[in-house]
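Structural features, examined
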Amino acid sequence: MKNILVTGGAGYIGSHTCIELLAAGYTPIVLDNLCNSSTVSLDRVKEITGQEITFIEGDVRDSQILDQTFEKHDIYAVIHFAGLKAVGESVEKPLMYYDTNISGSICLFNAMKRNDVKRIIFSSSATVYGDPASLPIKENFPVSATNAYGRSKLHIEEILQDTYVSDDQWQIGLLRYFNPVGAHISGRIGEDPNDIPNNLMPYISQVAVGRLRELSVFGGDYPTPDGTGVRDYIHVVDLAKGHVKALQAFENDKVENLYTVNLGTGKGYSVLEMVEAFSKASGKEVAYKIVDRRLGDIASCYADPKLAKEILDWEATNGLQEMCDDTWRWQSNNPKGYKSV
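The present account deals with the structure reproduced in this document.

Secondary structure assignment for the chain yields eleven helices and 14 strands. Relative to the 2.2 N^0.38 estimate, which gives 20 Å for 341 residues, the radius of gyration of the chain is 19 Å and therefore close to what a compact globule would have. Here the analysis covers contacts within the chain between residues at least 6 apart in sequence; of these, 81% occur between residues at least 24 apart. Of the accessible surface of the chain, which amounts to about 14,400 Å², a share of 47% is contributed by carbon and sulfur atoms. Measuring between centres, the 33 positive side-chain charges of the chain sit 3 Å from its 45 negative side-chain charges.

This is the structure we're talking about:
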């Protein structure tokens with residue numbers, strides 16, 4: 001069994017990825033500072049899989065903990081999720097985002113180099129494309145950023161690219177994924193933000209379950225069919241499987257030692273389309289109001305997913321119905337998230 005260090009592994013995408021890693025025969029070693037996650041997620045991963053998860057509470061900015069982890073667990077590869085991820089918050093607190101995301105990543109990469117672990121899958125984002133000139137978005141599009149969150153992801157990509165130039169023995173997969181939604185089909189793990197959600201789907205589901213009064217829709221005057229923002233929503237289980245495929249692609253010699261790929265469905269849905277779909281899935285009305293645009297947001301964003309199919313043999317299989325059904329199963333069974341325990 002190959003040990004995979006999963007930074008931020010107790011979080012939303014990380015916990016789902018642990019399930020898929022176990023299913024593929026890997027052993028996840030989770031490092032998480034629990035700033036926006038809970039160990040209950042890992043207890044439930046054990047419940048779902050019947051397998052133990054090694055958990056280390058710590059921060060990727062802590063070199064001592066990183067070195068101890070690499071020395072003790074014979075790490076084969078790293079999947080790097082750890083970081084802050086709210087666009088709006090990043091505009092308000094850019095220094096916090098640069099410190100956590102960029103400084104934390106540099107600390108991790110230095111620890112990898114010291115311990116001769118040179119294989120990493122990095123959790124990047126479609127925000128690195130900024131406001132794209134055309135759609136769908138291909139991997140060779142120009143990159144930029146409209147907010148500190150996206151800029152931090154872009155800088156980390158560049159740091160990894162420079163690292164590869166300095167030493168081509170590194171194996172680096174840069175996964176630019178779009179908008180993760182949904183939950184594990186068991187309803188036992190899902191997205192559980194600590195505070196008022198920054199992402200659309202948990203906000204909608206918390207309105208439906210009665211935790212929040214109404215959804216604030218940021219902008220109703222975008223150049224889209226109904227005036228609300230359009231995004232490419234991808235089921236979190238599909239996304240998790242993409243990370244396993246990204247790792248296996250190195251082992252199967254299917255990719256270059258440095259590659260970049262989009263993980264998305266290739267289809268965009270507006271905010272109001274998501275509200276309508278979720279209302280049908282849950283049988284609950286989702287009250288909403290249109291408010292001012294949010295600084296740093298763009299009108300439309302969806303992927304061209306062809307390259308992922310070509311080089312990773314991966315494509316999203318879950319549609320909008322599964323995204324809404326699985327989110328509602330998670331939220332209705334856990335109205336207060338992991339605090340429902």
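Read on for the rest.
What the three strands build is an open sheet, ordered 12-9-14; its pairing is mixed. What marks the edges here is a single partner per strand, and that holds for strand 12 (269-270) and strand 14 (300-301). Here strand 9 (residues 230-231) pairs with strand 14 via two bridges, running parallel. What sits directly across from Val230, in strand 14, is Ser300.

On to the sheet that holds strand 3 (residues 54-57). Within the open sheet, the seven strands sit side by side as 3-2-1-4-5-6-11. Their pairing is parallel. Sheet topology places strand 3 and strand 11 (258-263) at the edges, where each strand pairs with a single neighbour. Averaged over all pairs of adjacent strands, the angle between strand axes in this sheet comes to 20 degrees, irrespective of strand direction. Pairing geometry for strand 4 (residues 75-80) and strand 5 (residues 119-125), over three bridges, is parallel. Among the inter-strand pairings, His80 is bridged to a residue of strand 5, identified as Phe122.

What follows concerns the environment of Met1. Positionally, Met1 belongs in the segment before strand 1 (3-7). Residue classification places Met1 among the exposed positions, given a relative accessible area of 67%. Sequence separation between Met1 and Pro28 is 27 residues, and the spatial gap between their C-alpha atoms is 9.7 Å.

Turning next to helix 7 (residues 200-209). Where burial is concerned, most of helix 7 is hidden: nine out of the ten residues are buried. Turning to helix 7, its buried residues number three or more, namely Leu200, Met201, Pro202, Tyr203, Ile204, Ser205, Gln206, Val207 and Ala208. Tucked into the core, helix 7 has its buried residues touching strand 7 (179-181), strand 8 (215-218), strand 10 (233-235), helix 9 (271-282) and helix 11 (320-333). Gly210 occupies a position one or two residues after helix 7 and carries a positive phi of about 95 degrees.

Glancing now at the packing of aromatic side chains. Remark: the centre distance and the inter-plane angle together describe each pair of aromatic rings, the angle taken between the planes. The full count for this structure, using the stated rule, is three aromatic pairs. A cation over an aromatic ring shows up here: Arg293 above the ring of Tyr222, its NZ or CZ 4.1 Å from the ring centre.

Side-chain pairs of opposite charge can arise where the charged atoms are in close proximity. Here the structure, examined in full by the defined rule, presents 20 salt bridges. Glu47 serves as the salt-bridge partner of Arg188, at 2.7 Å between the closest nitrogen and oxygen. Here the residue Arg188 occupies a position in the loop between strand 7 and helix 7, and Glu47 occupies one in helix 2 (residues 40-49), the gap between them amounting to 141 residues. You can call Arg188 partly exposed: its relative accessible area is 29%.

Moving on, we come to helix 6 (residues 148-166). With 19 residues, helix 6 should reach 27 Å at 1.5 Å per residue; the first-to-last C-alpha distance of 27 Å fits that figure. Residues Ala148, Tyr149, Gly150, Ser152, Lys153, Leu154, Ile156, Glu157, Leu160 and Thr163 constitute the buried set of helix 6. Check the buried side of helix 6 and you find it contacts helix 4 (87-92), helix 5 (94-114), strand 5 and strand 6 (171-177).

What follows concerns the nonpolar core. Ile4, Leu21, Ile121, Leu175, Tyr259, Leu263 and Leu312 are the most contacted members of the largest nonpolar core, which has 29 residues in total. Residue assignment for this core shows that the elements contributing at least two residues are strand 1, helix 1 (12-23), strand 4, strand 6, helix 8 (236-251), strand 11 and helix 10 (306-312). For this core, the element with the highest residue contribution is helix 8, accounting for eight residues. In this structure, Leu108, Phe109, Ala111 and Leu174 belong to the second largest nonpolar core, which totals 24 residues.

Among the five residues that make up strand 1, five are buried, leaving the element largely enclosed by the rest of the structure. Side chains Asn3, Leu5 and Thr7 project from strand 1 onto one buried face, and the interleaved Ile4 and Val6 project onto a second face that is buried too. Direction of pairing for strand 1 relative to strand 2 (residues 27-32): parallel, over a ladder of five bridges. In the sheet register, Thr7 faces strand 2, and the bridge partner there is Leu31. This β-α-β element, strand 1 to helix 1 to strand 2, shows right-handed connectivity.

Counting buried residues in strand 6 gives seven out of seven residues, a clear majority hidden from the surface. On strand 6, burial covers both faces: Gln171, Gly173, Leu175 and Tyr177 on one face and Ile172, Leu174 and Arg176 on the other are all buried. Note that strand 5 and strand 6 share seven bridges and pair parallel. Bridging across to strand 6, Arg119 finds its partner in Gln171. Once you follow strand 5 into helix 6 and on to strand 6, the crossover reads as right-handed. Taken together, the six bridges between strand 6 and strand 11 define a ladder with parallel strand orientation. Counterpart to Leu174 in the pairing with strand 11 is Thr260.

About the criteria used
Residues numbered from 1 in each chain as written. Predicted model: local features only at pLDDT ≥ 70, side-chain atom pairs only at ≥ 80, totals over all residues. Heavy atoms only, no water. Helix = DSSP H or I, 4+ residues; strand = E, 2+ residues; numbered from the N terminus. Rg over C-alpha atoms; globule rule 2.2 N^0.38 Å. Contact = heavy atoms within 4.5 Å. Areas by Shrake-Rupley, 256 points an atom, 1.4 Å probe, with all protein chains shown as cover. Lys, Arg positive; Asp, Glu negative; His and termini not counted. Charge placed at Lys NZ, Arg CZ, Asp CG, Glu CD. Pairing = 2+ DSSP bridges. Axes fitted to C-alpha atoms, helices over the stretch in contact; angles between N-to-C directions. Buried < 20%, exposed > 50% of the residue type's maximum accessible area, 1.4 Å probe, protein only. Phe/Tyr/Trp six-rings, centres within 6.5 Å; stacked < 30°, edge-to-face > 60°. Lys NZ or Arg CZ within 6 Å of the ring centre and 35° of its normal. Salt bridge = Lys/Arg side-chain N within 4 Å of Asp/Glu carboxyl O. Expected span 1.5 Å × (residues − 1). Core = buried A, V, L, I, M, F, W, Y, C linked by side-chain atoms within 4.5 Å. Right-handed = clockwise from strand over helix to strand, strands pointing away.

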